[in-house]
Structures are given as C-alpha cells and as structure tokens.
Amino acid sequence: MAEKKKIIIIGGGFAGVKCAKTLRDKLKKDDADVILFNSENYMVFQPLLAEVVGASISPEPVAVPLRQMLPGVYCRTEDVVNINLDNKSVEYFSGDGHKGQMYFDHLVIASGSAVNLGQIPGMADHAFPLKTVGDAVALRYHVMEQLENAEICDDPELRKWYLSFVIVGGGFSGVEVAGEINDLVHDTHKFYRNIKHDEITVTLIHSRDQILPEVSSKLRDFARKKMEEAGINVVLNRRVSYVTQEGVGFEGNTTVDGATIVCTVGNTTAPVINRLEVPKERGRIITEPDMRVSGYDNIWAIGDCANIINDYDKNPSPPTGQFAERQGRQAAQNIVRVLKGDETKPFGFKPLGQLCAIGGHNAVAEFLGVHISGFIAWFLWRSVYLFKLPTFSHKVKVGFDWAWEIFYSRDLAHPKSDETERISKAHFQPGDYVFRQGDPSTNFYIIEAGEVEVVRETDKNSEETILAILGPGDFFGEIALLDNRNRTSSIRARSNLEVTIIGKKVFEQISGTLRPFRQFLADAVQRRSGSMWQKLPIVYSILRREPLSVFLKRVEIKLDPADSFEYAVKTISEKELDFCCVIDEANKLKGVLTRTDIFRAVESATEPHTKVSEFMNNEPIMVTVDDSSPIVAATMRDHNLKWVPVVDNIDNMYVKGYVRRDEMINYVLNELHGKEDESL
Ligand SMILES: Cc1cc2nc3c(=O)[nH]c(=O)nc-3n(C[C@H](O)[C@H](O)[C@H](O)COP(=O)(O)OP(=O)(O)OC[C@H]3O[C@@H](n4cnc5c(N)ncnc54)[C@H](O)[C@@H]3O)c2cc1C
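These remarks concern the structure in this document. From a predicted model like this one, the values you see are computed outputs, not experimental measurements. (Residues numbered from 1 in each chain as written. Predicted model: local features only at pLDDT ≥ 70, side-chain atom pairs only at ≥ 80, totals over all residues. Heavy atoms only, no water.)

1. Quick look at the overall build of the protein
And step 1. In terms of helices and strands, the protein carries 21 helices and 39 strands.
And step 2. Dimensions along the principal axes, computed over C-alpha positions, put the protein at roughly 110 × 65 × 50 Å.
And step 3. Counting across all 680 residues of the protein, residues that qualify as buried make up 50%.
And step 4. At a minimum sequence separation of 6, the contacts of the protein that also span at least 24 residues come to 68%.
And step 5. As displayed, the protein has an accessible area near 33,500 Å², and 50% of this comes from carbon and sulfur atoms.
And step 6. Of the side-chain charges in the protein, 80 are positive and 95 negative, and the distance between the mean point of each set is 5 Å. (Helix = DSSP H or I, 4+ residues; strand = E, 2+ residues; numbered from the N terminus. Buried < 20%, exposed > 50% of the residue type's maximum accessible area, 1.4 Å probe, protein only. Contact = heavy atoms within 4.5 Å. Areas by Shrake-Rupley, 256 points an atom, 1.4 Å probe, with all protein chains shown as cover. Lys, Arg positive; Asp, Glu negative; His and termini not counted. Charge placed at Lys NZ, Arg CZ, Asp CG, Glu CD.)

Okay, structure coming up:
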C-alpha cells in the first residue's frame with residue numbers, strides 16, 4: 001500500500017464503530033486515515049434505552065463517548081449532508097455552521113435508520129419516539145410527571161387518563177418499553193397516597209396477530225401470557241390510524257385513551273440516504289454480497305441503512321445491532337483486502353439468537369437454537385448486554401445501577417431542565433376538545449387546517465351554546481391569557497384539526513414587544529368579548545326561531561376543480577357572480593372562488609389553462625346544515641363574509657347549498673317591521 005488512503009465512515013452506531021475499530025486494528029497509521037462522522041460525540045447503545053425509560057439505569061451509560069472508544073480514529077461530530085459519488089467526496093456541516101467538503105478513497109455508509117412519526121396523523125405531535133438518549137430521558141420524565149399529576153387530581157376519570165400508558169408497536173423495542181413502564185409504575189405507586197393499583201393501565205398495541213414476530217411462536221405466546229399476567233393489556237390485530245392529545249384511535253373511531261403514547265413503529269432512512277441516487281429496497285441501500293454499493297468499487301453500506309443478503313441463509317439481514325456489528329467488522333476486513341489487492345468475501349453470519357426482556361424480571365430468548373424464557377432468560381439478557389457494552393467503565397456503571405435496583409426502589413425524581421418553551425403543533429380529531437371551559441390558560445393557538453367551535457356551557461346541566469366557528473388562519477386562547485384567568489369557553493374540533501401552539505411565555509414575549517400584534521389582539525378581544533347577541537337580543541330571538549333551511553339556497557352554478565382559469569373567469573363574469581363554489585363529481589365541496597381570488601390570479605399572470613384547484617381558496621369557512629341560524633350569522637359577521645357554503649357535515653363535505661348574509665338581514669328586518677305593524 002504505497003500512498004496513504006482516506007477512509008470515511010458516516011455514522012457512529014454499532015456498524016460504524018465496529019468498522020472503524022477493525023480498520024484501525026488492521027491498518028497502520030501510515031497506511032490510512034480513518035475518519036468517522038457522527039451527529040453526536042457518542043454512540044447510543046439502543047438495546048438499553050427501554051431500561052433508561054423504566055429508571056432501571058441512568059442515561060449516561062447508554063451514551064458511549066466515541067473518542068475514548070476509538071483511539072487512532074479521527075472522530076468528527078458533524079452531520080454529513082451530501083455524498084458526491086462521482087467526485088468521491090462528502091459535504092458536511094461543520095461545528096461553526098459552515099459547510100465543508102472532504103475527499104475519500106473509500107466511503108462506508110453506516111447512518112442507521114431514522115424515526116418517521118409522520119405516517120400516522122397526530123403521531124408526531126403527541127407520541128414519544130424511542131431512538132435517542134434524549135427520547136428515553138424525555139419519556140421517563142413524562143411518565144413520572146403523569147404519576148405526580150394523578151396524585152393531586154380529584155377527578156377519577158382524569159386520574160385514570162394520567163395513569164394510562166399506550167405503546168404502539170409490538171416488536172422488540174415496543175415490548176421492552178411496555179415491560180419497563182409497567183414495572184416502573186407498579187413498583188412505585190406505593191409511594192403515592194392517591195394512586196390505586198387498578199387505576200393504572202399499560203396497553204401494548206400491535207397490528208399483527210402476535211407480538212415479537214422475530215421469535216418462535218412458543219416464545220411469543222410465553223411473552224404475551226407473562227405480560228398479560230403482569231397487567232399489560234395486549235391489543236392485537238389493530239392498526240392505529242390517528243393519534244390525538246386524548247390517546248390513539250383506530251378505524252371505526254374506537255379509541256384507547258392515555259396521557260402517554262409511545263411510538264416504536266415507523267422507521268425510515270436518514271435524509272442523506274434519501275437524497276442518494278443508488279438502488280434501494282424500501283429505502284435501504286442495496287449492496288453486492290461483499291457490502292459494496294451496487295455499481296461502485298469504493299462505496300460500502302452497512303447496518304440498518306443497508307439491504308445486505310446474508311450468505312449464511314440467503315435472506316436479507318435484519319436491522320439489529322447484532323448484524324450491524326458483524327457487517328461493520330466484515331466490511332472493514334473487505335476494505336483491507338481491496339487495499340492489499342486481495343479478493344473480497346461475501347457477508348455471512350450465523351445469528352447467535354434473540355433476546356427480549358418483557359418486564360417483571362422475565363425475558364424470552366432463543367440462544368444457539370435453545371429456547372429459554374422467564375427469570376433465567378432475563379438473567380441471560382442482562383449478562384449478554386453487560387458483556388456487549390463497549391467499554392469497561394460503562395459495564396461498571398450499568399452493573400452498579402442494576403445492583404442498586406436489587407436493594408432500593410427506582411428513583412422517582414424528575415429534574416426539570418426548565419427548557420425554553422417552544423412553538424409546537426398538535427392534531428385533534430372531530431369532537432376532541434382542545435381545552436375546556438374552566439381549564440387554566442397555558443397556550444395560544446392558531447388554526448392551520450380544519451375548524452373549531454367555541455362552546456360555552458350555560459348552566460350546571462352542561463347545556464351548551466355554540467358561540468362561534470373558527471377556521472384556518474383564525475386564532476383562539478388569547479382572552480384568558482391576556483386576562484390571566486381560566487378559560488371562559490371550550491374549544492371543540494369540528495373536523496380534523498391542525499393547530500400551532502404558542503406557549504404562554506412566548507406569547508407574552510411577542511405580545512409585549514410587538515406593537516401591531518398587541519393592537520391586533522386588542523381588536524380581537526374587543527370583538528369577541530361578549531356575544532354580539534347580548535347587544536341584539538331581538539335579532540337573536542328571531543333567528544333562533546328559524547332553522548337554517550329557511551335561508552338555505554341551492555347551488556345553481558358551480559365549478560369543478562379541474563375547470564380552467566379561462567372557464568372560471570367566463571362563468572363568474574357572464575353570470576355576474578360574486579363567488580362560486582368548487583364542487584367535485586361526488587358533490588363534495590373542494591373550495592370556493594371569489595372575484596378577489598380571480599383578481600389575485602390575474603395579478604400573478606395565471607395561464608388560461610391553469611386548473612381552478614390551483615388558485616381557489618381550498619380552506620373556506622363553512623357551516624353545516626345542523627348549525628343554528630344565529631351561529632351562522634355570527635360566523636359570517638366574525639369573518640366578514642357575504643355568504644357561506646353549507647355542507648352536510650364537516651367530514652363528508654357534501655354540499656347542501658349556501659346562505660347569504662343580506663338575505664338573513666332582510667329576513668330579520670321584515671320580521672322586525674312586522675312586529676312594529678302589529679304593535680300599532
Ligand atoms: C429502542 C431500541 C431497542 C433495540 N433493541 C435491540 C436489541 O435488543 N438487539 C438488537 O440486536 N438490536 C436492537 N435494536 C436495533 C439496533 O439498535 C440497531 O439495529 C443498530 O443500532 C443499528 O446500528 P447502525 O450502526 O446501523 O445504526 P445506529 O446505531 O442507529 O447508528 C447510526 C449513527 O449514524 C448517525 N448518523 C446518521 N446520519 C448521519 C449523518 N448524515 N451524518 C453523521 N452521522 C449520522 C446517527 O446519529 C447514529 O449515531 C434496538 C433499537 C432500538 C431503537
């Protein structure tokens with residue numbers, strides 16, 4: 001090996017670390033530089049993350065510092081953002097915020113997998129993932145916070161909700177975290193005066209007919225039985241279709257409620273891999289048998305981000321630490337072979353077995369063909385992972401934590417880091433409450449999509465009046481925040497709802513420093529304080545008598561979303577319309593088009609053949625046939641609308657017609673006039 005080579009590894013997980021270590025062992029310093037890029041300066045020992053959640057071990061031992069583990073390897077805590085296959089270089093974001101570029105002779109891609117919570121509506125907003133040390137710590141503190149909330153809660157229903165924990169996904173990580181949370185809450189509830197054993201529910205939801213698809217059916221059955229005996233509710237053959245603040249929902253609108261949702265499903269590959277144009281199988285890079293990326297001599301892919309056929313059984317390698325580590329070692333050996341001019345070898349590995357802790361000092365294990373379950377398997381599980389931890393000091397730390405747990409209870413402190421409030425998003429299903437009348441005020445909300453109704457409970461029998469309907473672009477929650485009092489009304493979603501949430505502190509900072517925003521809020525408070533009907537009681541009594549059908553007009557002229565701009569202009573101008581509903585073939589409302597929308601489209605030089613769907617207002621305020629006439633009148637007033645479309649309900653969006661403001665006004669005036677005549 002004449003000239004010094006540069007070998008770059010992207011990712012410091014199981015695969016990347018093993019590869020770097022083996023390369024450093026096999027190659028002299030003068031032969032090659034080994035450079036390892038990783039987003040953090042430590043490797044995450046993911047198999048022990050569930051133990052961190054359950055407070056069985058402290059978080060530090062699962063984060064193993066790369067520098068100390070890999071002497072002789074140039075470790076760089078940076079994100080690789082681009083891989084240029086043709087000019088053999090990687091681009092990275094350096095610590096000071098600048099982009100840098102580095103050339104390589106060999107590149108090993110070992111960037112693992114990433115969490116994708118975006119596949120299920122609401123999951124990203126309301127569920128906890130479990131991938132990083134930060135995830136595990138946040139989840140552990142959240143669980144402890146729920147115990148504290150339950151302890152001081154007088155409402156039995158709410159207390160049960162605080163004490164309900166829902167885990168989505170019955171693979172290894174889902175089963176382990178369900179077992180750990182169950183152990184944590186049941187072992188420690190004795191320290192809480194008001195929490196009863198039977199108020200706690202831990203639910204594990206899995207979409208197939210058995211949990212742990214990776215192990216034999218006998219062990220799976222054992223695992224499920226033991227978990228059920230420990231009080232875990234195992235729900236099989238159900239696929240979560242949405243998540244809200246209240247809990248998870250399935251098709252058909254059945255739900256499992258809980259204040260804690262953990263998501264262990266939905267893996268994807270890192271963004272740098274998504275951008276890479278190489279053959280992939282379900283996002284994972286397809287490799288040759290020796291782990292080289294198909295078509296390249298010097299690019300290798302290993303670990304969870306790669307689709308590698310195991311020469312031992314000709315099956316694709318599973319995404320596990322065990323395989324990632326073996327691939328790391330064998331890829332390094334192949335690189336050394338290439339550098340020496342020798343033949344590479346295909347990846348081949350006979351799996352040693354499977355181990356999974358299921359809580360309550362139980363585990364299931366398949367080890368060298370032998371099936372073991374119960375306490376012995378659990379002991380084996382702990383011994384294996386203690387042995388697998390990469391450094392001696394980390395073995396001691398974990399061993400100490402485990403020994404501590406034998407003599408003392410799990411630690412219930414959840415130190416608050418007082419992190420700065422952030423702006424977040426949330427998803428709600430139709431009928432969900434964003435908050436209820438009387439709740440303390442903590443946030444300000446802006447609607448991104450969907451509609452809400454402002455509901456006031458008028459007496460002790462909880463009779464309710466709908467005060468207003470709010471839609472995209474509207475906001476709520478400001479009155480209670482500005483006046484520092486509890487919520488004066490409830491907010492309920494009328495449709496699938498997406499909101500941006502601004503915490504109290506951030507809200508106060510913005511409203512305190514930004515004068516136009518302050519003025520805007522003051523106007524809104526003025527407009528909203530007190531129902532308009534308090535000032536117009538006669539008008540209210542007239543409108544309340546009449547169902548909305550009295551004012552409902554049929555849509556005579558409509559546009560289709562696929563109609564052209566040219567056709568829309570012609571229709572609106574020839575028929576002298578000030579608006580037109582855009583309705584599809586199934587009679588569903590897709591949007592509305594006003595003259596203002598047309599002018600805007602003209603200003604932006606819209607082509608004559610552009611489809612109506614591209615420039616219409618596709619999130620119009622709408623009401624339903626079941627809404628009362630006063631609420632429809634108030635909605636038009638609040639949004640300064642001359643008319644509003646009426647649909648069957650917000651979910652199906654079947655068009656029933658529209659209501660015009662001037663016709664309502666005329667009706668009221670006629671009635672008032674009639675009353676004056678009668679009184680004469
Ligand atoms: C909760 C949980 C429990 C598990 N339990 C087990 C178990 O019991 N047994 C088992 O065998 N397996 C288990 N696994 C799976 C196992 O952890 C993974 O298969 C293994 O970590 C994969 O190793 P890897 O090196 O491919 O990726 P990872 O270990 O995920 O490492 C990838 C690294 O690359 C870094 N990275 C990504 N993109 C970039 C970039 N662009 N620039 C720089 N760095 C980047 C990441 O930050 C990360 O550090 C578990 C996984 C989880 C989440």
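Additional details are given in the paragraphs that follow.
2. Points about the sheet that holds strand β12 (residues 201–205)
And step 1. Strand order in the open sheet made by the four strands is β13-β12-β11-β17, with parallel pairing throughout. Edge strands, defined here as strands with exactly one partner in the open sheet, are β13 (232–235) and β17 (260–263). Each strand of the sheet is rotated relative to its neighbour by a mean of 15°, with strand direction disregarded.
And step 2. As paired elements, strand β11 (residues 164–168) and β12 share five bridges and run parallel to each other. Note on β12: the bridge partner recorded for S164 is T201.
And step 3. Across the sheet, helix α5 (residues 133–151) lies against β11 and β17, angled at about 160° from β17, the strand it touches most. (Pairing = 2+ DSSP bridges. Axes fitted to C-alpha atoms, helices over the stretch in contact; angles between N-to-C directions.)

3. Observations concerning the pattern of salt bridges
And step 1. Under the counting rule described, the total for this entry stands at 25 salt bridges.
And step 2. Between R159 and E199 there is a salt bridge, with the nearest N and O atoms lying 2.8 Å from each other. A residue pair is termed long-range when its members are at least 10 positions apart, and R159 in helix α6 (residues 156–162) and E199 in the loop between α7 (172–188) and β12 qualify at 40 residues.
And step 3. A relative accessible area of 11% places R159 in the buried class. (Salt bridge = Lys/Arg side-chain N within 4 Å of Asp/Glu carboxyl O.)

4. As for the site of the ligand
And step 1. Surveying the vicinity of the ligand reveals 31 residues, the closest of which are N38, Q46, V80, D304 and Y385.
And step 2. Backbone polar atom of Q322 to an oxygen atom of the ligand: 3.4 Å apart, as the coordinates give it.
And step 3. For the shell around the ligand, the secondary-structure elements that each account for two or more residues are α1 (14–26), β2 (32–38), β6 (79–84) and α10 (321–340).
And step 4. Class assignment of the residues belonging to the shell around the ligand gives a composition of 13 nonpolar, 13 polar and five charged. (Near = heavy atom within 4 Å. Polar contact = N/O pair within 3.5 Å; in protein donor to acceptor, adjacent residues only side chain to side chain. Nonpolar A, V, L, I, M, F, W, Y, C, P; charged D, E, K, R; others polar.)

5. So, the environment of V582
And step 1. Within the secondary structure, V582 is located in strand β35 (residues 579–583).
And step 2. Measuring from C-alpha to C-alpha, the distance between V582 and C356 comes to 55 Å, with 226 residues separating the pair along the chain.
And step 3. Apart from the residues lying within four places of it in its own chain, the contact partners of V582 are L559, D560, P561, K588, L589, K590, G591, V592, L593, V612 and M616.

6. Some thoughts on the sheet that holds strand β23 (residues 353–359)
And step 1. One open sheet holds the three strands; their spatial order is β23-β24-β25, and the pairing between them is antiparallel. Whereas interior strands pair on both sides, the edge strands pair on one side only; in this sheet they are β23 and β25 (370–374). Each neighbouring strand pair of the sheet contributes to a mean axis angle of 5°, computed without reference to strand direction.
And step 2. Relative to β25, strand β24 (residues 362–367) is paired through five bridges, and the arrangement is antiparallel. In the strand pairing of β25, E366 is matched with H371.

7. Quick word on the packing of α1 against α10
And step 1. Direction vectors running N to C along α1 and α10 enclose 35°, while the axes themselves pass 7 Å from each other. Where α1 crosses over α10, the two elements pack in a sense that is right-handed. Together, F14, A15, K18, C19, T22, L23 and K26 of α1 and G321, A324, E325, G328, R329, A332, Q333, I335 and V336 of α10 make up the contact between the two elements.
And step 2. Broken down by class, the residue content of the contact of α1 with α10 amounts to eight nonpolar, four polar and four charged. (Left-handed = near helix turned anticlockwise from the far one by under 90°.)

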